[in-house]
Amino acid sequence: MLPVTAQRINPSILSADFVNLQAELEAIATADLVHVDVMDNHFVPNLTMGPPIVERIQAVSPIPLDMHLMITDADRWAPGYAEMGAYSVTFHAEATGDPVRLARRIRDIGARAGIALKPGTDPEPYLELLPEFDQVLVMTVEPGFGGQSFMPDMMPKLRRFAEARRRSGLDVWLQVDGGISKDTIGIAAEAGADTFVAGSAVYGGVPEERIAELRRAAATHQH
Ligand SMILES: O=C(CO)C(O)[C@H](O)COP(=O)(O)O
């Protein structure tokens, strides 16, 4: 069971030392979820991991898995991560012809269903679909690599989802990913984000201290 917090910090293991993954997972035990980036070198120009490695992460991680699938064939692969026991499975809007159908499959298996939008994707078609999702991921960099700069021009998109959530009365998590640090997290929190993915900001120092620092910075800018 996740601790009930208004805001969540989800470290991205893309910035971890993959040779020492178990220790790197234990180092972020004070975070809410571990963000796991699956990339296929088609949807994004980078390649990370697939089911066999994620299965091992699921087995040893002290905190639940927040899967982010940056893959073209989301319909084929997403349900498998839910079956593995991931807490949430987020696929890209640009990677499926039927996001509602896929979200329902993920939910039926028992995971939270998330939809992610690249920076160039129009939020409009998804605003009315909020009841179909447990979380929305607004990318604040072009997906593919850690260590990029936060895009403040994504805040209007985030605000639109925050407004749609307010209207709906639903507890849909609004997640941001890319360039989140103690200096940028407040901007995203003010725009309505409640779930923050951070790779380099967490693993670039002592993870436990960095997580606490991000929590403090987010809390002072709560929506
Ligand atoms: O999805 C991602 C990139 O596509 C990431 O989760 C990325 O690891 C974030 O890293 P950083 O916090 O260093 O920007």
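Residues take numbers from 1 onward in each chain, read along the sequence in its written order. Local features in this predicted model are restricted to residues whose pLDDT is 70 or higher, and side-chain atom pairs enter the listing and the counts only when it is 80 or higher, whereas totals over whole chains, interfaces and linings include all residues.

An unreviewed UniProt entry lists the protein chain under the name Ribulose-phosphate 3-epimerase, from Leucobacter muris. Database annotation for the protein chain, UniProt heading Catalytic activity (unreviewed entry): "D-ribulose 5-phosphate = D-xylulose 5-phosphate". Here the protein chain is described in UniProt, under the heading Sequence similarities (unreviewed entry), as follows: "Belongs to the ribulose-phosphate 3-epimerase family." UniProt positions are given in the numbering used here, feature names are shortened, and annotations may be inferred rather than shown by experiment.

### Observations concerning the packing of helix α2 (residues 51-60) against helix α3 (residues 74-84)
Closest axis-to-axis distance for the α2/α3 pair is 10 Å, and the angle between their directions is 25°. In this view, α2 runs roughly parallel relative to α3, as classed from their interaxial angle. Crossing angle aside, the handedness with which α2 passes α3 is right-handed. Taking contact as the criterion, the partners of P51, V54, E55 and Q58 in α2 are, on α3, G80, Y81 and M84. Every axis in this analysis is a line fitted to C-alpha atoms, fitted for helices over the stretch in contact. Angles between the N-to-C directions lie between 0 and 180 degrees. Working definition: helices are DSSP H or I runs of at least four residues, strands are E runs of at least two. Numbering for both runs from the N terminus. An angle below 35 degrees is treated as roughly parallel, one above 145 as roughly antiparallel, one from 65 to 115 as roughly perpendicular, and anything else as oblique. Should the near helix be turned counterclockwise from the far one by less than a right angle, the crossing is left-handed, whereas a clockwise turn marks it as right-handed. Contact between residues is assigned whenever the C-beta positions, reconstructed from backbone atoms, fall within 7 Å.

### A short note on the packing of α3 against helix α4 (residues 99-109)
Packing of α3 against α4 leaves a shortest axis separation of 9 Å and a crossing angle of 15°. With respect to their mutual orientation, α3 and α4 come out roughly parallel. Between α3 and α4 lies a crossing of right-handed hand. Contact residues: A74, D75, A78, P79, A82 and E83 in α3; L102, R105, I106 and I109 in α4.

### Observations concerning the pairing of strand β4 (residues 88-92)
It is a general feature of regular strands that their side chains alternate between the two faces of the sheet. Field definition: a residue is buried when 20 or more other C-beta atoms are found within 10 Å of its C-beta, exposed when 12 or fewer are, and partly exposed for counts in between, with C-beta atoms placed from the backbone. Among the 5 residues in β4, 5 count as buried, and that is most of the element. Burial along β4 is two-sided: the face carrying S88, T90 and H92 and the face carrying V89 and F91 are both buried. With 4 bridges connecting them, strand β3 (residues 65-70) and β4 associate as parallel partners. The residue of β4 that forms the bridge with L69 is F91. Tracing the backbone out of β3, into α3 and back to the parallel element β4 gives a crossover that is right-handed. Note on pairing: two strands pair once DSSP finds at least 2 bridges between them. The sheet contact formed by β4 and strand β5 (residues 112-117) spans 5 bridges and is parallel. From the neighbouring strand, H92 faces β5, where its bridge partner is A116. We call a crossover right-handed when, viewed with both strands directed away from the observer, the connection leading from the first strand over the helix to the second proceeds clockwise.

### Quick look at the sheet that holds strand β6 (residues 135-139)
Strand pairing in a sheet is mediated by backbone hydrogen bonds. Such pairs are either parallel or antiparallel. Pairing is parallel in the open sheet, where 8 strands are placed in the order β1-β8-β7-β6-β5-β4-β3-β2. The open sheet has two edge strands, β1 (8-11) and β2 (34-39), and neither has a second partner. On average, adjacent strands in this sheet sit at an angle of 25° to one another, irrespective of strand direction. The pairing of β1 with strand β8 (residues 195-198) spans 4 bridges and is classified as parallel. Each residue of the ladder has a partner; that of R8, found in β8, is T195. Lying over the sheet, α4 contacts β4 and β5, oriented at roughly 145° with respect to β5.

### A look at the nonpolar core
The tendency in soluble globular proteins is for nonpolar side chains to be buried as a group. By size, the foremost hydrophobic cluster in this structure holds 67 residues, and its most contacted members are V89, V138, L158 and F196. A total of 5 residues in this core trace back to one element, the largest contributor, which is helix α6 (residues 155-168). If we skip the residues at most four places from it in the chain, V89 touches M67, L69, A78, Y81, A82, I106, A111, A113 and G114. Linking buried Ala, Val, Leu, Ile, Met, Phe, Trp, Tyr and Cys residues through C-beta atoms within 7 Å yields a set, and such a set is a nonpolar core.

### Some thoughts on the UniProt feature "active site" (unreviewed entry) in the protein chain
According to UniProt, the feature "active site" (unreviewed entry) maps to D37 and D177 in the numbering used here. Taken together, the annotated residues stretch across 141 residues yet fold into one region, lying no more than 10.7 Å apart by C-alpha. Relative to the assigned elements, D37 resides in strand β2. Residue classification places D37 among the buried positions, given that 24 C-beta atoms sit within 10 Å. Not counting residues within four places of it along the chain, the set of residues in contact with D37 comprises S12, L14, T48, H68 and M70. Structurally, the position occupied by D177 is in strand β7 (residues 173-177). When the 27 C-beta atoms within 10 Å are taken as the criterion, D177 is described as buried. Setting aside anything within four residues of it in sequence, one finds D177 in contact with H68, L137, M139, T140 and V197.

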